[in-house]
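Chain and residue survey
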Amino acid sequence: MRITNSIITNNTIRNVNINKSTLDTLYTQLSTGKLIQKASEDPIISIRALRFRAELSELKQYLKKNIPDARSWMTLTEDALESVSKMVSDMVTYMDQGANGTLDAEAKMTIIKTMKQYREQIHEDANSTYSGRSIFTGYKTNTDMTFAHTDTTIKYKITETFSNKDLDQVATISNSVDTNTIAEIQDADMPERHYTYRLRLSYDKVQEDGLVIKSTDGNGDPAPDITVTKLECRNGKYYDPANPTQEINPYEEMATDDGTNGTKAYLIADSGEIVMNKKAYLQLSDATSISTEYTKVGFEKGELRPEHYFTCTCTTSDGVTKVTEYSSDRQDINYTINFNQTMKVNTEGRDVFKHSVIRDIDELIDITQKALDIEEKVNKLKEMQNDSAYEDKQKEIASMLAAAEKELDFAHDTLKSMYGTGITKFSEYEKVVTAELSDIGARCTRLTLNETRLSNQSISLEELKSINEDADEAETIINLTTAHNTYEASLSAASKLLSTSLLDYI
């Protein structure tokens, strides 16, 4: 093959350009720190870079967004439940003091004030939110757990179910002493204590006529319905609606009714209690399920919203009606915290904030206040004994004082009994809250483990990503120096070659 000058010239120019291109590539790598600038330069590096970047982006979502959000949600939940746990623990202490000792008036007043504050704080904790979402309401994150404000117009038709364990007895006192009227009290009119069977609704101040208790027997077959008569209440006294002028004591009547004439029950609307005779109690105590439907119009601030607990129909003041079907299915809010891993972040308020607890607190406040009122009555009668203005009424006052002291003994016995029962009730409730706190603690630990693992994984991926696409600075400088020398040599050789022409051979 004949080598011509043009061939030598073209080859020289091509080699100079190749060296120049190599030099440009190395200059670019040194200035950018990257091995390639376009995917076409090295498809293998490009594919690996895309994969590493996608995984790092997903890791960043878990580490910077999902995990911090999950931790914040659970931390707020934990703080609220720790507050509730502390308050319940304090209430157990108060119950223990009341059950095992005699509380003076000051101690009783302290308990009343403290329990009122605790009740309000429990309501506030139940309405805790995270980023504008209620943390205890399951999927209904746009709804408070309790009524944030008093609403006197809203109406709920509630279907509530019970078990036979919800039946209990309530102690009441009849023939209470009235210090506004000075009159001798005969033995037959002395205060008496009664124990009445009852079923306590989740709400007080209900407004239902024609209420019926439905139940099933041990075989699962429907038992006869128990019709409940709603009593009229006027000035703290109860009247039979069939005879509005006839005053009755529903607790005393039901306590002495053995059921010879069948089942019988009264609705005490103000207190939300259904008191019943022995036959009705025996029927329900053997039932496998108990249910009733009632209406409540108007809710106070802090009362638990029925839609979180019951099948109910809500009617607002503007006539809008909404039906909520209760479901026992779990309403877990899950966050993705790792590749193919999810974690529940919420705790459902219906598992922690229970009507029975609030109702127990209210009853304890009520019975403690009644004991205080009776003590004031006794002290007033003692002052009247020493007051010359009642000198001609000493016999009557003495009989009233004896009756009031007997009433006070009953009240203290009832108070001690309720405090003793309260120890068990609130201790069980404390266990429920503690169990939820333990569950949150376990989830937080798991979250921390995943965060640590993802952090380590992120570091490893960053190293692999760097190895794949970052240029080694020292190596690049060496290669650049070599390429520069090669380029300078090629230019020198080309200058000598290209400077020779045909005239040099003539």
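Everything here concerns the structure above.
An account of the accompanying structure is given in this report. Quick caveat: nothing in here was measured; it's all calculated off a predicted structure. (Residues numbered from 1 in each chain as written. Predicted model: local features only at pLDDT ≥ 70, side-chain atom pairs only at ≥ 80, totals over all residues. Heavy atoms only, no water.)

1. Considerations on the overall build of the protein chain
Tallying secondary structure elements over the protein chain gives eight helices and 17 strands in all. At 41 Å, the protein chain has a C-alpha radius of gyration far larger than the 23 Å of a compact globule built from 506 residues. Principal-axis analysis of the C-alpha atoms places the extent of the protein chain at approximately 160 × 55 × 45 Å. Here the protein chain holds 506 residues, and the buried ones make up 41% of them. Residue pairs in contact within the protein chain that sit at least 24 positions apart in sequence constitute 74% of those at least 6 positions apart. Looking at the protein chain as shown, the accessible area adds up to about 27300 Å², and 49% of this sits on carbon and sulfur atoms. Computing the positive centroid from 57 side-chain charges and the negative centroid from 82, the protein chain places the two 7 Å apart. (Helix = DSSP H or I, 4+ residues; strand = E, 2+ residues; numbered from the N terminus. Rg over C-alpha atoms; globule rule 2.2 N^0.38 Å. Buried < 20%, exposed > 50% of the residue type's maximum accessible area, 1.4 Å probe, protein only. Contact = heavy atoms within 4.5 Å. Areas by Shrake-Rupley, 256 points an atom, 1.4 Å probe, with all protein chains shown as cover. Lys, Arg positive; Asp, Glu negative; His and termini not counted. Charge placed at Lys NZ, Arg CZ, Asp CG, Glu CD.)

2. Description of the sheet that holds strand β11 (residues 265–268)
With respect to topology, ten strands assemble into an open sheet ordered β4-β5-β12-β11-β7-β6-β13-β3-β14-β15, the strand pairing being mixed. Both outer strands of the open sheet, β4 (167–174) and β15 (321–324), are each paired with one neighbouring strand and no more. Averaged over all adjacent pairs, the angle separating strand axes in this sheet is 25°, with direction ignored. Against the sheet, helix α5 (residues 278–285) contacts β4, β5 (192–200), β6 (212–216), β7 (226–230), β12 (273–276) and β13 (289–299), and its axis sits at roughly 110° relative to β12. (Pairing = 2+ DSSP bridges. Axes fitted to C-alpha atoms, helices over the stretch in contact; angles between N-to-C directions.)

3. A look at the packing of helix α3 (residues 105–126) against helix α6 (residues 355–385)
Where α3 contacts α6, the axes come no closer than 10 Å and their chain directions differ by 155°. What the angle tells us is that α3 and α6 run roughly antiparallel. Along this stretch, α3 crosses α6, giving a crossing that reads as left-handed. Note on element contacts: α6 touches α3 through Ile358, Ile361, Asp362, Leu364, Ile365, Thr368, Gln369, Ala371, Leu372 and Glu375, opposite Ala105, Lys108, Met109, Ile112, Met115, Lys116, Arg119, Ile122 and His123. Here the residues of the contact of α3 with α6 are counted per class, giving eleven nonpolar, three polar and five charged. (Parallel < 35°, antiparallel > 145°, perpendicular 65-115°, else oblique. Left-handed = near helix turned anticlockwise from the far one by under 90°. Nonpolar A, V, L, I, M, F, W, Y, C, P; charged D, E, K, R; others polar.)

4. With respect to the pattern of salt bridges
Taken as a whole and assessed by the stated rule, the structure comprises 27 salt bridges. A salt bridge links Lys108 to Glu375; the nearest nitrogen and oxygen atoms lie 2.6 Å apart. In this pair, Lys108 is assigned in helix α3 and Glu375 in helix α6, connecting sequence segments 267 residues apart. Lys296 is the salt-bridge partner of Asp204, the closest N and O atoms lying 4.0 Å from each other. With Asp204 in the loop between β5 and β6 and Lys296 in strand β13, this residue pair connects regions lying 92 residues apart in the sequence. The buried category is assigned to Lys296, whose relative accessible area is 2%. Connected via shared salt-bridge partners are Asp168, Arg198, Arg200, Glu273, Asp360, Glu363 and Lys425. (Salt bridge = Lys/Arg side-chain N within 4 Å of Asp/Glu carboxyl O.)

5. Focus on the side chain of Arg359
Relative to the helices and strands, Arg359 resides in helix α6. For Arg359, which is buried and forms no salt bridge, the nearest opposite charge comes from Asp204, at a distance of 4.3 Å. A distance of 3.1 Å separates a polar side-chain atom of Arg359 from the backbone oxygen of Leu201. Those residues in contact with Arg359 that lie beyond four places of it in its chain are Arg200, Leu201, Ser202, Tyr203, Asp204, Ser271 and Gly272. (Polar contact = N/O pair within 3.5 Å; in protein donor to acceptor, adjacent residues only side chain to side chain.)

6. A look at the nonpolar core
Membership of the largest hydrophobic core comes to 100 residues, with the highest contact counts inside it found for Ile274, Met276, Phe353 and Phe426. Dropping the residues within four chain positions of it, Phe426 is found in contact with Val88, Met91, Val92, Met95, Val357, Asp360, Ile361 and Leu364. Counting residues in each nonpolar core, the second largest holds nine residues, with Ile248, Met254, Tyr266 and Ile268 among its members. (Core = buried A, V, L, I, M, F, W, Y, C linked by side-chain atoms within 4.5 Å.)

7. Overview of the packing of aromatic side chains
Under the defined criterion, the tally for this structure stands at ten aromatic pairs. With 3.9 Å between their ring centres and 10° between their planes, Tyr197 and Tyr281 make a pair best called stacked. Note that Tyr197 is positioned in strand β5 and Tyr281 in helix α5, a separation of 84 residues in sequence. Ring plane angle 45° and centroid distance 6.2 Å describe the contact between Tyr309 and Phe310, whose orientation is recorded as tilted. A relative accessible area of 12% places Tyr309 in the buried class. The exposure class assigned to Phe310 is buried, which follows from its relative accessible area of 9%. These aromatic residues form a ring-pair network of at least three members: Phe147, Tyr156, Tyr203, Phe299, Tyr309 and Phe310. Of note, Arg234 hangs over the ring of Tyr239, and the distance from its end group to the ring centre comes to 3.8 Å. (Phe/Tyr/Trp six-rings, centres within 6.5 Å; stacked < 30°, edge-to-face > 60°. Lys NZ or Arg CZ within 6 Å of the ring centre and 35° of its normal.)

8. Points about the layout of surface pockets
As a volume, the second largest pocket reaches approximately 970 Å³. If you trace the second largest pocket, you find 31 residues lining it, with Asp166, Ser202, Lys354, His355 and Ser356 closest to the centre. Tallied by class, the residues present in the lining of the second largest pocket amount to ten nonpolar, eight polar and 13 charged. (1 Å grid on protein atoms, 1.4 Å probe; cavity = no way out; pocket = protein on both sides within 12 Å on 5 of 7 lines; lining within 4 Å. Points joined across faces, edges and corners; volume = space filled by probe spheres on them.)

9. A few points about the environment of Thr150
With respect to the helices and strands, the residue Thr150 is situated in the loop between β2 (133–134) and β3 (151–162). C-alpha separation for the pair Thr150 and Glu300, spaced 150 residues apart in sequence, amounts to 4.4 Å. Apart from the residues within four sequence positions on either side, Thr150 is in contact with Phe299, Glu300 and Lys301. A polar contact of 3.2 Å, which involves the side chain of Thr150, links it to the backbone nitrogen of Lys301.

10. Overview of helix α2 (residues 43–100)
Here α2 is 58 residues long and its end C-alpha atoms lie 82 Å apart, about the 86 Å a rise of 1.5 Å per residue gives. Where α2 bends most, the angle comes to about 35°, and this point is Tyr62. (Expected span 1.5 Å × (residues − 1). Bend = angle between axes of the 7 residues up to and from the residue.)

11. What to know about the sheet that holds strand β9 (residues 237–240)
Read across the open sheet, the three strands follow the order β8-β9-β10; overall the sheet is antiparallel. The strands lining the two open edges of the sheet, one partner per strand, are β8 (232–234) and β10 (243–248). Geometrically, the sheet is characterised by an average inter-axis angle of 45° between neighbouring strands, direction not taken into account. For β8 and β9, the ladder comprises three bridges, and the chain directions are antiparallel. The residue bridging Glu232 from the neighbouring strand is Tyr239, located in β9.

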